[in-house]
Structure formats: structure tokens, C-alpha cells
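Report on the structure
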Amino acid sequence: MTRAAHQLLVVEDDAAIRQVLRVLFEGEGYRVIEAADAARAQIEARSHKPDLLVVDLGLPDVDGLSLIRQVRSWSAVPILVLSARTMEEQKIAALDAGADDYVTKPFSAAELLARVRAGLRRRLQGAQQTLVIHLGPVQVDLARRRTQGPAGEIHMTPLEYRVLECLARQIGVVVRQRVLLREAWGPGREDDARSLRVTMKNLRDKLEPDPPRPRYLLTETGLGYRLRTDDDPSSDEP
Ligand code: CA
């Protein structure tokens, strides 16, 4: 399997519901991380950098709303609230705290999956993201996380996709090292220039026609990196 599946973090204290969600999401090809309380959710969110959070509002340690606010303080990850609370004010409070969408229990599987797909799409579109980029003979579909090269599908890790997504948000523009590290690795990793260099080398080995002389993934010494694509009209220079 060469596809880097999207990772969903399910934050729910009811083990039976967590299990239902895991089966449902894994059936759709997503990878699932579970957290039974807000403290665990914070740890999992920081270490795994999931692509979307499904958060129950009624948690045993802190309120789901505080969790949403805390995650929002450092991440733009889509957050889908799942809760038995049907009161309009709870729904508004969750959206005000930074949630993107809301599904009320009991939920229909089809509706929940549709909201998850919409959340994952918005994550890319909301940032004016280019969804498919062309690097010579290589085509990267960021929404589906599939990369096609001249010799077939190219396997890339979720981390490599996150770095590429961050660069693709501003094609042709220098993205600072610290920004890439925070977006792709998480807060607290901004000084880990070595990890970034290793990942950029791996990306070049996979995507560049001539990796030692990169044409698309360009280093801006002392600043960061810049993505040039064949879709970018300003990249016609030799
Ligand atoms: Ca609950």
C-alpha cells in the first residue's frame, strides 16, 4: 500500500463509541488514533499531528471546549465536534472556540463520514492550497496524498506530505525553516534544522529528476525553502 492515509484523532471517553468510530473510519481507509481524555488528546495531537480531530464535548478531565481552544492556539487542524449536547449555545460555543463543524449524537455514519471528508478538503482549500502540483514528470495530489512518477506510484510519508503541503501553500515564496518545522513537526521543534534537512533530502531523492541539482525544492540559505512547480508561470527561468 503506497497511499499515506489521513490520520484522525478521536477524542471520546466512551470506549464503545470510540470502537464504533474506529471501525467506521478504518473501513474508509483512515488511520485512527484514540484518546479517552483531553490530556491524552493534547499529547497525541502534538506527537502524531493528525489531519483532523473528532472531539466529544463531554470529557472527564477538562471540557471539550478548553481542549479545542488549546489545540487552536498552535494548530489549524480541522476539528469536528461530536456530542450529545444539542443545545444551540453549546454548538455556538464550540464553533467560537475554534471547531470547524458539529455533528450531534446519535449520528448517521454517512453524515459523519461526509463531514470528515469535507473537513479534510477544507484543510487544504482554506489555505488557498494548490491541490495537485506538477514537478516535471511527477504529479503530486495533495488532497488524496498520492504521488505518481514516470515509473509508477511514489511512496511518501505523512511527514513528507506535510512539509510539501506547507511549501505548496505559497508556491514560489520562501517558507522559513521555523515555520516548516512548526507546521510539519509541531510546536517545540522549531530549532530542529537537522530533521528538516533530512526530510528535504528525502523529498528531493523521491521527486527531483536530478536530486543533487534541485529544480523544484530550492534551498534559500539561512532562510528556508521554496517550492517551484511547472504550474507556476514565474518558474520558466532556466
Ligand atoms: Ca463523553
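Residues numbered from 1 in each chain as written. Predicted model: local features only at pLDDT ≥ 70, side-chain atom pairs only at ≥ 80, totals over all residues. Heavy atoms only, no water.

**Side note on the coordination of the calcium ion**
- The coordination sphere of the calcium ion, as far as protein atoms go, consists of Asp 13 (OD), Asp 56 (OD) and Gly 58 (O), spread over 2.2 to 2.4 Å.
- Counting along the primary sequence, the residues that act as donors to the calcium ion give the motif D-x42-D-x1-G. In this pair, Asp 13 is assigned in the loop between β1 (7–11) and α1 (15–27) and Gly 58 in the loop between β3 (52–56) and α3 (64–72), connecting sequence segments 45 residues apart.
- With relative accessibility at 36%, the residue Asp 13 sits in the partly exposed group. (Donors = N, O, S within 2.8 Å, 3.2 Å for Na, K, Ca; no water. Helix = DSSP H or I, 4+ residues; strand = E, 2+ residues; numbered from the N terminus. Buried < 20%, exposed > 50% of the residue type's maximum accessible area, 1.4 Å probe, protein only.)

**Section: α3**
- Every buried residue belonging to α3 is among Gly 64, Leu 65, Leu 67, Ile 68 and Val 71, and all of these are buried. One side of α3 holds all its buried residues, which, seen down the axis, span an arc of 160°.
- Of the residues that open α3, the one with a side-chain oxygen 2.8 Å from the backbone nitrogen of Leu 65 is Asp 63. (Arc of directions from axis to C-beta. Polar contact = N/O pair within 3.5 Å; in protein donor to acceptor, adjacent residues only side chain to side chain.)

**A short note on the pattern of salt bridges**
- Taken as a whole, this structure holds 21 salt bridges when the rule is applied.
- With a shortest N-O distance of 2.5 Å, Glu 34 and Arg 22 are connected by a salt bridge. Separated by 12 residues along the polypeptide, Glu 34 in strand β2 (residues 31–35) and Arg 22 in helix α1 bring together distant segments of the chain.
- Accessibility expressed as a relative area gives 24% for Glu 34, which makes it partly exposed.
- Glu 111 is the partner of Arg 115 in a salt bridge, and the nearest nitrogen-oxygen pair spans 2.8 Å. Linking Arg 115 with Glu 111, this pair stays in helix α5 (residues 109–125), spanning 4 residues, or about one helical turn.
- By relative accessible area, Arg 115 is classed as partly exposed at 24%.
- Each of the salt bridges in this network shares a partner with another, and the network as a whole consists of Arg 18, Arg 22, Glu 26 and Glu 34. (Salt bridge = Lys/Arg side-chain N within 4 Å of Asp/Glu carboxyl O.)

**Describing the packing of aromatic side chains**
- In the structure shown here, the tally under the stated rule is 1 aromatic pair.
- Ring plane angle 80° and centroid distance 6.4 Å describe the contact between Phe 25 and Tyr 30, whose orientation is recorded as edge-to-face. For the pair Phe 25 and Tyr 30, one class covers both residues: buried. (Phe/Tyr/Trp six-rings, centres within 6.5 Å; stacked < 30°, edge-to-face > 60°.)

**Some points on the nonpolar core**
- In terms of nonpolar packing, the biggest core is built from 27 residues, with Val 140, Leu 164, Leu 167 and Leu 207 touching the most fellow members.
- Elements with a minimum of two residues in this core: β6 (132–135), β7 (138–141), α6 (158–168), α7 (177–184), α8 (193–207) and β12 (224–227).
- The dominant element in this core, judged by the number of residues it contributes, is α6, at 6 residues.
- Excluding residues that lie within four positions of it along the chain, Leu 164 makes contacts with Ile 133, Val 140, Leu 142, Met 156, Leu 207, Leu 217 and Leu 227.
- Membership of the second largest hydrophobic core comes to 23 residues, among which are Ile 33, Leu 53, Leu 59 and Leu 65. (Core = buried A, V, L, I, M, F, W, Y, C linked by side-chain atoms within 4.5 Å. Contact = heavy atoms within 4.5 Å.)

**What to know about the domain arrangement of the chain**
- Assigned domains within the chain: domain 1 (7–126) and domain 2 (132–236).
- Once you take the C-alpha centre of each, domain 1 and domain 2 turn out to be 28 Å apart.
- Taken residue by residue, the interface counts 8 residues in domain 1 and 12 residues in domain 2.
- With both chains or domains summed, domain 1 and domain 2 bury close to 700 Å², and 51% of this area falls on carbon and sulfur atoms.
- Applying the counting criterion to the domain 1 and domain 2 interface returns 1 salt bridge.
- In this structure, Asp 51 and Arg 145 form a salt bridge, with 3.0 Å as the shortest nitrogen-oxygen distance.
- Our count for the contact surface shared by domain 1 and domain 2 stands at 2 residue pairs in polar contact (both at pLDDT 80 or more).
- Every element with two or more residues in the side of domain 1 that touches domain 2 is listed here: α2 (38–48) and α5.
- Looking at the side of domain 1 that touches domain 2 residue by residue, the classes come out as 2 nonpolar, 1 polar and 5 charged. (Domains from an automatic or database assignment. Buried area = accessible area lost by both parts, 1.4 Å probe. Nonpolar A, V, L, I, M, F, W, Y, C, P; charged D, E, K, R; others polar.)

**Considerations on the packing of α6 against α8**
- For the pair α6 and α8, interaxial distance at closest approach is 10 Å and the crossing angle is 90°. One way to sum up the angle between α6 and α8 is to call them roughly perpendicular. Contact residues: α6 offers Leu 159, Glu 160, Val 163, Leu 164 and Leu 167, while α8 offers Thr 199, Met 200, Asn 202, Leu 203, Lys 206 and Leu 207.
- Of the residues that constitute the contact of α6 with α8, the class distribution is 7 nonpolar, 2 polar and 2 charged. (Axes fitted to C-alpha atoms, helices over the stretch in contact; angles between N-to-C directions. Parallel < 35°, antiparallel > 145°, perpendicular 65-115°, else oblique.)

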